[in-house]
Amino acid sequence: MNREDFPILADDVYGKRMVYLDNAATTQKPLQMLNAMTDAYMHRNANIHRGVHHLSQVATERHEQARKRVAEYLGAKSAKEIIFTKGTTDSINILAFSFGEAYVRGGDEIIVSQAEHHSNIVPWQMLCERKGAKLRVLPLDEDLRYDVDKLEALITDRTRLISVAQVSNVSGTIQPIEEVISIAHRHDIPVCIDGAQSAPHLMVNVRESDCDFFACSAHKMYGPTGLGVLYGKEEWLEKLPPAEGGGEMIDHVRFEKTTYNQLPYKFEAGTPDFIGSCAFASALDYVDSIGRKQVTDYENSLTQYMEEQLAEVGGVRIYSRGTEKAGAVSFNVYSGDRLIHPFDVGTLLDRQGVAVRTGHHCAEPLIDYLQVPGTVRASVALYNDKEDVDIFIKALRKAIMMLG
Ligand code: PMP
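Residue positions are given per chain, counted from 1 along the sequence in the order it is written. pLDDT decides what is reported in this predicted model: residues at 70 or higher carry local features, side-chain atom pairs at 80 or more are listed and counted, and totals for whole chains, interfaces and linings draw on all residues regardless. Neither water nor hydrogens contribute to the side-chain values; these are computed over all heavy atoms in the structure.

Enquirer: Help me understand the pairing of strand E8 (residues 191–194), please; the structure alone is not making it clear to me.
Expert: Three exposure classes are used, based on accessible area relative to the maximum for each residue type with a 1.4 Å probe and protein chains only: buried under 20%, partly exposed in between, and exposed over 50%. A helix here means a DSSP run of H or I that spans at least four residues, while a strand means a run of E at least two residues long, and both kinds are numbered starting from the N terminus. Of the two faces of E8, the one carrying Val-191 and Ile-193 and the one carrying Cys-192 and Asp-194 are both buried. Here strand E7 (residues 159–165) pairs with E8 via four bridges, running parallel. Bridge pairing links Ile-162 to Val-191 in E8. This β-α-β element, E7 to helix H6 (residues 177–186) to E8, shows right-handed connectivity. A pair of strands counts as paired when DSSP detects no fewer than two bridges linking them. With its strands directed away from the observer, a crossover is right-handed exactly when the path from the first strand over the helix to the second travels clockwise.

This is the structure in structure tokens:
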């Protein structure tokens, strides 16, 4: 789909067609987004919010329009609920610090799952260390889905927040977050959703899902690197203190006492990425111009095709096989009982022009749970097609022959 809009895909790799299947790490960029970024630098580059001059006012207007665009895309009630950050990691760190300052005391508990990315573990762990709180872990069922039946038993009167991913960045599994949210809310516990892998592939709607916080990264959604979003329900964000101090986030600064800006600026210290925000809005426009539902359906069917094709390759063990996935499939190759190291598989695929990711995917607790040194992960985006998958499978067969 629309491969020609992505200039980098015309480049070859070792003289071969580029088969880019590392989209869960970052997506390639459409010309429309790149042009929007250049255009913003060429015609609207001035620091925002403070300037009385024309250029600053135009830049401010476009940045705030971009915020509205993101709010609309994610289904937020208001643009005030959209905080621009550096990415998912930054979003979760900001939330963990801010929420922790206001609501977490010694002996309290935070719940994450066994399948989280380090970005959704370490910030909470750091908070727990700071406050003397405890990190509790929601187990998985045999399909690597959250074992929601065990969530009730994990919740105590000290549980302050639950933070889980909507889609696993290792197995691509779509997680039952609606059930997690509904159980949590029955106990008045807020839920943060790590949407780094869901926002690019699913029809995310924060209001429908009723999550309290949601984090995602622009670079995984055809947008620029270094920009992300922290969504928070307005009633929560109003109650939380700022996580970082500096310009923009203040109302008045006095040595005796500083007062803070209104939402969302209270959480945006310093000069924001006002060029990146416009470029991100343009990436969202791009996806909408194709049709978000069409993109989602197309990627889902391609992911399914990839899993079916992989399942036919001898020695391949797919994780969470047969479950509903968004974008990514993870596997290992066995020669008899011997696991062929994912790094070796990835290297031989690379030599054939196929880019996949190998290793622990920044989710070591899940990899430990699977009792493997890592996995090979192939992940699709809207510009991949069956030809990419077929080349990948052929290259994999060849790699296995060489390694087996
Ligand atoms: N969570 C998940 C599920 C991810 O896949 C990623 C990126 N691999 C992150 C968080 C972190 O995203 P970023 O590096 O863009 O901050």
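Enquirer: Explain the site of the ligand here, please?
Expert: Proximity is defined per residue: any heavy atom of the residue falling within 4 Å of a molecule or strand makes that residue near it. What surrounds the ligand is the set Thr-88, Thr-89, His-117, Ser-119, Asn-169, Asp-194, Ala-196, Gln-197, Ser-217, His-219 and Lys-220. In the model, a nitrogen atom of the ligand is placed 2.6 Å from a nitrogen or oxygen of the Asp-194 side chain. His-219 has a polar side-chain atom sitting 2.7 Å from an oxygen atom of the ligand. Exposure was quantified through the Shrake-Rupley algorithm and a 1.4 Å probe, taking into account, for residues, occlusion by the shown protein chains and nothing else. Burial of the ligand by the surrounding chains reaches 84%, relative to a free accessible area of 390 Å². Amino acids outside the nonpolar list (Ala, Val, Leu, Ile, Met, Phe, Trp, Tyr, Cys, Pro) and the charged list (Asp, Glu, Lys, Arg) are all regarded as polar, and Gly is one of them. Classifying every residue of the shell around the ligand by side-chain character gives one nonpolar, eight polar and two charged. A 3.5 Å cut-off defines polar contacts: any pair of N or O atoms within that distance qualifies, except that in protein one atom must be a possible hydrogen donor and the other a possible acceptor, and neighbouring residues in sequence count only when both atoms are side-chain atoms.

Enquirer: Just to check I follow, could you spell out the domain arrangement of the protein chain for this structure?
Expert: Frequently, the measure chosen for interface size is the accessible area that the parts lose on association. Assigned domains within the protein chain: domain 1 (3–21 + 291–403) and domain 2 (32–288). The distance between the C-alpha centroids of domain 1 and domain 2 comes to 29 Å. In this complex, domain 1 contributes 35 residues to the contact, which on the side of domain 2 involves 31 residues. A buried area of about 2800 Å², summed over both sides, lies between domain 1 and domain 2, and 58% of it is on carbon and sulfur atoms. Considering only the side of domain 1, the residues that lose the most area to domain 2 are Arg-292, Ala-326 and Leu-366, jointly responsible for 26% of the buried surface there. Across the domain 1-domain 2 interface, the total number found is 20 residue pairs in polar contact (both at pLDDT 80 or more). Sorting elements by how many residues they give to the side of domain 1 that touches domain 2 places helix H12 (residues 364–370) first, with six residues. In the side of domain 1 that touches domain 2, the residues fall into 18 nonpolar, nine polar and eight charged. Each domain's extent is set by a domain assignment, obtained either automatically or from a database. Residues are treated as being in contact if the distance between any of their heavy atoms lies within 4.5 Å. Here the quantity called buried area is the accessible surface, traced with a 1.4 Å probe, that two parts lose on coming together, added over both.

Enquirer: Sorry if this is basic, but what is going on with the nonpolar core here?
Expert: One finds Leu-74, Tyr-146, Ile-162 and Phe-214 to be the most contacted residues of the largest nonpolar core, which totals 68 residues. Looking at which element gives the most residues to this core, the answer is helix H9 (residues 274–290), with seven residues. Residue contributions to this core reach at least three from each of two domains, namely domain 1 (3–21 + 291–403) and domain 2 (32–288). We call a set of buried Ala, Val, Leu, Ile, Met, Phe, Trp, Tyr and Cys residues a nonpolar core when their side-chain atoms join them within 4.5 Å. Formed by 26 residues, the second largest nonpolar core is a distinct cluster that contains Val-329, Val-345, Ala-378 and Val-389.

Enquirer: When you look at the environment of Gly-404 in this model, what are you seeing that I'm missing?
Expert: Structurally, Gly-404 can be placed in the segment after helix H13 (386–403). Sequence separation between Gly-404 and Glu-72 is 332 residues, and the spatial gap between their C-alpha atoms is 50 Å. With residues near it in sequence (within four places) discarded, Gly-404 still touches Ser-335, Arg-338 and Ile-340.

Enquirer: Quick question: what am I supposed to make of the packing of aromatic side chains here?
Expert: Two aromatic rings, taken as a pair, are described by how far apart their centres are and by the angle between their planes. Pairing of aromatic side chains here covers Phe, Tyr and the six-membered ring of Trp, requires ring centres within 6.5 Å, and sorts the geometry by plane angle: under 30 degrees stacked, over 60 edge-to-face, intermediate tilted. Overall, the coordinates contain nine aromatic pairs when judged by the stated rule. With a centroid separation of 6.1 Å and an interplanar angle of 80 degrees, the aromatic rings of Tyr-222 and Tyr-383 are classed as edge-to-face. In this pair, Tyr-222 is assigned in the loop between strand E9 (213–217) and strand E10 (228–232) and Tyr-383 in the loop between strand E18 (375–379) and H13, connecting sequence segments 161 residues apart. Under the relative-accessibility criterion, Tyr-222 is labelled buried at 3%. The structure contains a cluster of three or more aromatic residues connected by ring pairs, namely Phe-6, Tyr-222, Tyr-286 and Tyr-383. In this structure, Arg-292 is placed above the aromatic ring of Tyr-73, and the distance from its NZ or CZ to the ring centre is 3.7 Å. Just above the ring of Tyr-305 sits the side chain of Lys-386; from NZ or CZ to the centre is 4.6 Å. Lysine NZ or arginine CZ positioned within 6 Å of the ring centre and within 35 degrees of the ring normal marks a charge as sitting over the ring.

Enquirer: Can you help me understand the side chain of Thr-375 in this one?
Expert: With respect to the helices, strands and loops of the structure, Thr-375 is situated in strand E18. Polar contacts involving the side chain of Thr-375 include one to the side chain of Ser-330, which spans 2.7 Å. Apart from residues no more than four positions distant in its own chain, Thr-375 is found in contact with Val-170, Tyr-319, Ser-330, Phe-331, Asn-332, Pro-342, Arg-357, Thr-358, Gly-359, His-361, Ile-367 and Leu-370.

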